Amino acid sequence: MNSDKKELRVNAIKNGTVIDHIPAQDLFKVIKILGLQNITNTMTLGNNLESKTHGHKGIIKISELFFEDDDINRIALAAPNAKLNIIKDYVVVEKRQVQVPDKVVGIAKCVNPKCVTNFEDNITTKFTVVDKENIALKCHYCEKITNKENLRLQ
Amino acid sequence: MKHKSLVSIDDYTKDDYLKIIEKAAHFEKNPVQNILNGKVIATLFFEPSTRTRLSFESAVNKLGGKIIGFTDAASSSVQKGESLKDTIKTVANYSDLIVMRHPVEGSARYASEVSNVPVVNAGDGANQHPTQTLLDLYSIYKTQGTLENLNIFMVGDLKYGRTVHSLLMAMSHFNPTFNFISPEFLKMPKEYKLFLDSKGIKYYEHEDFTEYIKEADIVYMTRVQKERFSDPIEYEKVKDVYILRNEMLKGTKENLKVLHPLPRVNEINVDVDDNPKAYYFEQALNGVYTRQAIIATILDL
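Residues numbered from 1 in each chain as written. Chains lettered and ligands numbered in written order. Predicted model: local features only at pLDDT ≥ 70, side-chain atom pairs only at ≥ 80, totals over all residues.

Chemist: Talk me through the overall build of chain A; I want residue IDs and the actual numbers.
Modeler: When helices and strands are counted, chain A shows three helices and 11 strands. Sequence-ordered secondary structure for chain A, helices as α and strands as β, is α-β-α-β-β-α-β-β-β-β-β-β-β-β. Considering only C-alpha atoms, chain A reaches an extent of 55 × 30 × 25 Å along its principal axes. Counting every position in chain A, which comprises 154 residues, the buried fraction comes to 32%. Summarising the internal contacts of chain A: among those between residues at least 6 apart in sequence, 61% fall at separations of at least 24. (Helix = DSSP H or I, 4+ residues; strand = E, 2+ residues; numbered from the N terminus. Buried ≥ 20, exposed ≤ 12 C-beta atoms within 10 Å, placed from the backbone. Contact = placed C-beta atoms within 7 Å.)

Rendered as structure tokens:
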């Protein structure tokens, strides 16, 4: 019965994408990274939902929107365990897991207060991901490491 | 060379290091040439560094080039609030190569991306100072006849010292053994030790000078800066432990050379200066030849 309930939630949109298993505290980061505040598609957001595996979670359902891998992997920094369900005609036609990318461009802020990206306006930050599991980003400019604990979004 | 600009020591390969050394030796034999005739080199020093600037300007002058630039940010348009990007783009119009010193980390990489002419990083905050590392390599090569299989002692502030970090990375291509001597809280950072582990390079850590110095080929001294200590008593306790004195060089290897990026404060006692193993002033002179080699290489001369 439990899995039926879940199916019901997921199937509530006809065509679109469901992003599940977002850590509750990071839901709004994910919204910001994907720029969802700027689109007009029908959208349902849920947060602080009970999750059997991840404590409290957030969920996003968007109608008529499908993401490219490169776009969706941008959320990996905030929600490394997020899962995507691609819905076509009320049916889950594909499940995808978010992958931490090799490079992170224009999302994160460098933790180093002396980094040029925190001084000069209009520099797009660039990082190489040096540790995908624990999230460690090496700044292309100042070469310092930004960890998950001190990660802020640009 | 992969990059035209020289921002970080990692921009160059082992092969590139050896080419620069070869060229530096060539300029040492013939330091005065006219190959930069008609070229303009900009030296943009957003923070003062007299030693580095004079070394670059001497290198350019000996090769017949002209210099434009400023010696600190107060006398430049930065004072009027101009962005780094605009300053660099403007100066790139007037010059063939930009030498830049800036207190902000990563500024040199950014400048190299917005500039139409090559940028040589002459120090970007605590990040990189690659021409220092190349002149250190040249000094080591010149005094030892090789870069391979050397035992290198690094002494002092190994936590914040960018020169020792860059030198460690560069020397890692040549199968060295490292000995690190520093107070506990200024130890070589873990990321560099992990890097050495990953390359199978041996290193040993000590809290003071011991008999082991007899095995050294190179002793690389750095300043233990008072500002690093939150507790002044702690500084008073350790400051004399990391002073190299002439008597400590008794029984060391014939080929040993003592290097220091300068300026020194008191970490090398002046009684070392007359010892033939003291090499820090020649090291500074090597900086001129090395910078000639770097500029000539970047401009394909």
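Chemist: I'd love a proper account of the interface of chain B and chain A, names of residues and values included.
Modeler: The interface is formed by 12 residues belonging to chain B together with 14 residues belonging to chain A. Only helix H3 (84-94) and helix H4 (107-114) of chain B provide two or more residues apiece to the side of chain B that touches chain A. The element best represented in the side of chain B that touches chain A is H4 of chain B, accounting for three residues.

Chemist: Tell me about the domain arrangement of chain B, and please be specific about residues and values.
Modeler: Residue and element names in this part refer to chain B. Split into domains, chain B comes out as domain 1 (32-128) and domain 2 (131-284). One C-alpha centre belongs to domain 1, the other to domain 2; they are set 29 Å apart. Residue-level contacts link six residues of domain 1 with six residues of domain 2. (Domains from an automatic or database assignment.)

Chemist: So, the packing of H3 of chain B against H4 of chain B: which residues are in play, and what are the values?
Modeler: Residues and elements named next belong to chain B. Here H3 crosses H4 at 50°, and the two axes come no closer than 9 Å. Classified by the interaxial angle, the pair formed by H3 and H4 is oblique. Note on packing geometry: the crossing formed by H3 with H4 is right-handed. Together, Leu84, Lys85, Ile88 and Lys89 of H3 and Ser107, Tyr110, Ala111 and Val114 of H4 make up the contact between the two elements. Across the contact of H3 with H4, the residue classes break down as five nonpolar, one polar and two charged. (Axes fitted to C-alpha atoms, helices over the stretch in contact; angles between N-to-C directions. Parallel < 35°, antiparallel > 145°, perpendicular 65-115°, else oblique. Left-handed = near helix turned anticlockwise from the far one by under 90°. Nonpolar A, V, L, I, M, F, W, Y, C, P; charged D, E, K, R; others polar.)

Chemist: Which residues make up the nonpolar core, and what values go with them?
Modeler: Among the nonpolar cores identified, the biggest contains 112 residues, and Ile98, Phe153, Val219 and Tyr220 of chain B are the most heavily contacted of them. Excluding its chain neighbours within four sequence positions, the residues that come into contact with Val219 of chain B are Phe153, Val155, Ile213, Leu244, Leu256 and Val258 of chain B. (Core = buried A, V, L, I, M, F, W, Y, C linked by C-beta atoms within 7 Å.)

Chemist: So what's going on with the sheet that holds strand E5 (residues 151-155) of chain B? Which residues, and what values?
Modeler: Strand pairing in a sheet takes place through backbone hydrogen bonds and is either antiparallel or parallel in direction. Residue and element names in this part refer to chain B. Ordered in space as E7-E6-E5-E8-E9, the five strands form an open sheet in which the pairing is parallel. At either end of the open sheet lies a strand with only one pairing partner, and these are strand E7 (203-206) and strand E9 (257-259). For this sheet, the mean angle separating the axes of adjacent strands, direction not counted, is 20°. Pairing of strand E8 (residues 218-221) with E9, which is carried by three bridges, proceeds in the parallel orientation. Looking across to E9, one finds that Val219 is bridged to Val258. (Pairing = 2+ DSSP bridges.)

Chemist: Before we move on, could you go through the pairing of E5 of chain B and cite the residues and values that matter?
Modeler: All names here are of chain B. Taking burial as the measure, the five residues of E5 include four buried ones, the bulk of the element. Strand direction decides the pairing type here: E5 and strand E6 (residues 177-181), joined by five bridges, are parallel. Paired with Ile152 across the two strands is Phe178, which belongs to E6. For the segment spanning E5, helix H6 (residues 162-171) and E6, crossover handedness is right-handed. As paired strands, E5 and E8 are joined by four bridges and run parallel to one another. Across the sheet, residue Val155 finds its bridge partner in E8, namely Met221. (Right-handed = clockwise from strand over helix to strand, strands pointing away.)

Chemist: If you had to explain H4 of chain B to someone new, which residues and values would you point to?
Modeler: Most of H4 of chain B is tucked away, with six of its eight residues classed as buried. All buried positions along H4 of chain B are accounted for by Ser107, Ala108, Arg109, Tyr110, Ala111 and Ser112 of chain B.

Chemist: Could you give an account of the sheet that holds strand E6 (residues 103-105) of chain A, naming the residues involved and the relevant values?
Modeler: All names here are of chain A. On the basis of which strands lie adjacent, the open sheet formed by four strands has the order E6-E8-E9-E10 and antiparallel pairing. Strand pairing shows two members of the sheet lacking a second neighbour, E6 and strand E10 (145-147), which therefore form its edges. Pairs of neighbouring strands in the sheet enclose a mean axial angle of 35°, with direction left out of account. Note: E6 against strand E8 (residues 126-131), three bridges, orientation antiparallel. Bridged to Val105 within E8 is Lys126.

Chemist: Can you tell me about the domain arrangement of chain A, naming the residues and giving the values?
Modeler: Residues and elements named next belong to chain A. Domain boundaries in chain A define domain 1 (2-97) and domain 2 (103-153). Computed over C-alpha atoms, the centres of domain 1 and domain 2 are 26 Å apart. With five residues of domain 1 in contact, the opposing surface of domain 2 contributes six residues. Tallied by class, the residues present in the side of domain 1 that touches domain 2 amount to two nonpolar, no polar and three charged.

Chemist: An account of the environment of His129 of chain B is needed here, citing residue identities and associated values.
Modeler: Residues and elements named next belong to chain B. Considering the arrangement of structural elements, one finds His129 in the loop between strand E4 (119-124) and helix H5 (130-144). Sequence-wise, His129 and Ser166 are 37 residues apart; in three dimensions their C-alpha atoms are separated by 7.9 Å. Every residue in contact with His129, bar those within four places of it in the chain, is listed here: Gly123, Arg162, Thr163 and Ser166.

Chemist: Any details on the environment of Pro261 of chain B? Residues and values, ideally.
Modeler: Residues and elements named next belong to chain B. Here Pro261 shows up in the loop between E9 and helix H9 (280-298). Of the residues examined, Pro261 has 25 C-beta atoms within 10 Å and is grouped as buried. Sequence separation between Pro261 and Phe281 is 20 residues; the distance between their C-alpha atoms is 9.3 Å. Not counting residues up to four positions away in its chain, the partners in contact with Pro261 are Gln132, Thr163 and Thr222.

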